[in-house]
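# Descriptive analysis of the structure
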Amino acid sequence: MTTASVVPTGPSPGAAGAPGKAKTSGLAVASLVAGILGLCTAGLGGIAGLILGIVALKKIGRSGGALRGRGLAIAGLIVSACTVLVWMLVGVVAGVKILDVRRGADLVYTEFAPAASTAAAPAELALNLGGGVTMKMVLIRPGKFMMGSPDSEKGRVVHEGPQHEVTISKPFYMGVTEVTQEQYEAIMGKNPSGWKGATNPVENVSWDDVAQFCKKLSEKTRQAVRLPTEAEWEYACRADTQTAFSFGDDPSALGDYAWWDGNSGKTTHPVGQKKPNAWGLYDMHGNVCEWCADWYGDYPSGAVKDPQGPASGTYRVLRGGCLLTTPGVDRSALRVLDPPSERSGIYGFRVVVSVAGSPAPPAPAADDGDVGRAVGP
Ligand SMILES: [Ca+2]
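Reading across the sheet, the four strands line up as β10-β9-β7-β11 and stay open at both edges, with mixed pairing between neighbours. Two strands close off the open sheet at either side, each with one partner strand: β10 (335–338) and β11 (347–348). Pairing geometry for strand β7 (residues 289–295) and strand β9 (residues 316–319), over three bridges, is antiparallel. Across the sheet, residue W295 finds its bridge partner in β9, namely R316.

So, in C-alpha cells, the structure goes:
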C-alpha cells in the first residue's frame, strides 16, 4: 500500500502518457500503413510465385530442365507461403497493439448507446452486471458550481485554487456507491482487494485497471460507462453546497457520513452504511479514494464548461479522502494525485454513465434554476 500524494510534486506536463485518443489515432494510421504494406507484400509474393511457377513449367518442358524447374517451383511455393505468413503476422500485431492501447487509455466509448436520449431520463438507473449483481445509479442534473476551495478554508492545499465557476452542461448517472468487490468480480472475474468483503469497495486497483473495467462494463451493458471527470466528481460530491464537506463545515460530523481515520479501524467498510449526501451519493467522503478520469493539472483562473483536465500528464486525480485520512483530506475540494499504474489498498472508484444529447429534465419546484440537483433517494 502506498500513501496518497495530496500535494503537487512537480508533474511535468507532457512528460509521460500521451493522450489516449492521439495514441489510438497514431496506431490506427500505423496499422493502416502496415496493412497496405502487407497487402503489397502479399501481392508481390503472389506475383513472384506465379512467375517462378511459369518459368518452372517452361523449364520442365525443355529437355534436361526438369530438375531446375522443380527447384523453381518449390521456390515459388515458399515465397508465396512466406508472404502469406508475413501478412498474417502484421494483422495480428496491429490488432494486439490497438487492443492494448484501447484497454488503458480511452475512457469514452461513444459507440455505445447513451443511457437515455430524451428529456424524460429516469431519476435512477440500474445496470445489470450478471449473476444477480446490479449497480444502482442516480441522475445528476446539469448546473453550475464553484470548483475548488476558498483561501479561508481550513486545511486547504494551494492546488485547490483558484476557485472558479464550472458549468456541467450535460446530465449523467453516477453510481450511488463506490464499486464493490462483487461488482468488480462480476465484470473482471477477479478480486484484487486486500480487505475482502463482497459489498466492501474494491481496492488495490490502478487507473489502468479501472479503464479496463469501464470498457468491459460498457460492452456488457451497451451503455457509455466511464469514470467521472474531476469536475463532475466534485459537483456531485458538493450537491449544491460550498462548505468544506457536503454536510457543512464541521468536521465533528464526519463520522455520520464517512469512514475515516477516526472511525474506520484501518479497514474498508461495506458501502452505503453511512448517511448519503443531499443527492443520494454514499461514501463520497472517506472509505476509499476514488479515481477520476482527468490527468492532474492546474486549475483555470476563469469560468469553464465541462472541463476534462489536461490533454496529457503524469498523474491521474483521486478524490474524497479515505479510511486512513484525516478530515482535512476528506474535504470536497481536496485533490490526490498518483500515476495511473499505481495500485493501493486505499484506491477505489465509482463510475458514471453518460446521458448524451438530452436536455435536463424539469427541475423540482424548489430549484433556483441555476444550480443543478439530483432527484433524491
Ligand atoms: Ca469514497
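What follows concerns the environment of T268. Following the sequence through the fold, T268 ends up in the loop between α6 (254–257) and β7. On the neighbour-count criterion, T268 (28 C-beta atoms within 10 Å) is buried. Placed 20 residues apart in sequence, T268 and V288 show a C-alpha to C-alpha distance of 7.2 Å. Non-local contacts of T268, meaning those with residues more than four positions away in its chain, are made with W195, N200, P201, E203, N287, V288 and L323.

Three- or four-residue spacings in an α-helix give side chains the same orientation, since the helix completes a turn every 3.6 residues. Within the sequence span of helix α3 (residues 181–188), burial applies to Q181, Q183, Y184, A186 and I187. Along its buried surface, α3 packs onto β1 (124–130), β2 (133–140) and α4 (207–221). Positioned one or two residues after α3, G189 has a phi angle of 75°, which is positive.

This part takes up unusual backbone geometry. Residues G161 and P162 are joined by a peptide bond in cis, for which omega reads 5°. Secondary-structure assignment places P162 in the loop between β3 (143–147) and β4 (164–168). For D283, which is not a glycine, the phi torsion comes out positive at approximately 60°. Summarising the element assignment, D283 is placed in the loop between α6 and β7. By the C-beta count within 10 Å, which is 29 here, D283 ends up buried.

Here we take up the pairing of strand β5 (residues 172–175). Burial of β5 is two-sided: the residues F172 and M174 facing one way and the residues Y173 and G175 facing the other way are all buried. Bridge count between β5 and strand β12 (residues 352–354): three bridges; the pairing is antiparallel. Bridge pairing in β12 places F172 opposite S354.

Of the two faces of β9, the one holding R316 and L318 and the one holding V317 and R319 are both buried throughout. Bridging between β9 and β10 involves four bridges; their strand directions are antiparallel. The residue of β10 that forms the bridge with L318 is V336.

Before going further, it helps to spend a moment on the sheet that holds β5. Read from one edge of the open sheet, five strands run β1-β2-β5-β12-β6, paired in antiparallel fashion. On the outer flanks of this sheet lie β1 and β6 (225–226), each paired with one strand and no other. As judged from the six bridges shared by β1 and β2, these two strands associate in the antiparallel manner. Each residue of the ladder has a partner; that of L127, found in β2, is M135.

On to helix α5 (residues 230–238), then. For α5, a buried count of nine out of nine residues is recorded, marking the element as mostly surrounded by other parts of the structure. Those residues of α5 that sit buried are E230, A231, E232, W233, E234, Y235, A236, C237 and R238.

Thresholds, definitions, all that
- Every chain begins its residue count from 1, and numbering advances along the sequence as written.
- Restriction of local features to residues with pLDDT of at least 70 applies here, the model being predicted, together with a cutoff of 80 or more for giving and counting side-chain atom pairs; totals for whole chains, interfaces and linings are based on all residues.
- Here, strands pair whenever DSSP counts at least two bridges between them.
- Secondary structure elements are defined from DSSP: runs of H or I of at least 4 residues count as helices, runs of E of at least 2 residues count as strands, and each element is numbered from the N terminus.
- For the exposure call, what matters is how many other C-beta atoms sit within 10 Å of a residue's own: 20 or more marks it buried, 12 or fewer exposed, and in between partly exposed, using C-beta atoms placed from the backbone.
- Contact definition: two residues whose C-beta atoms, as placed from backbone geometry, lie within 7 Å.

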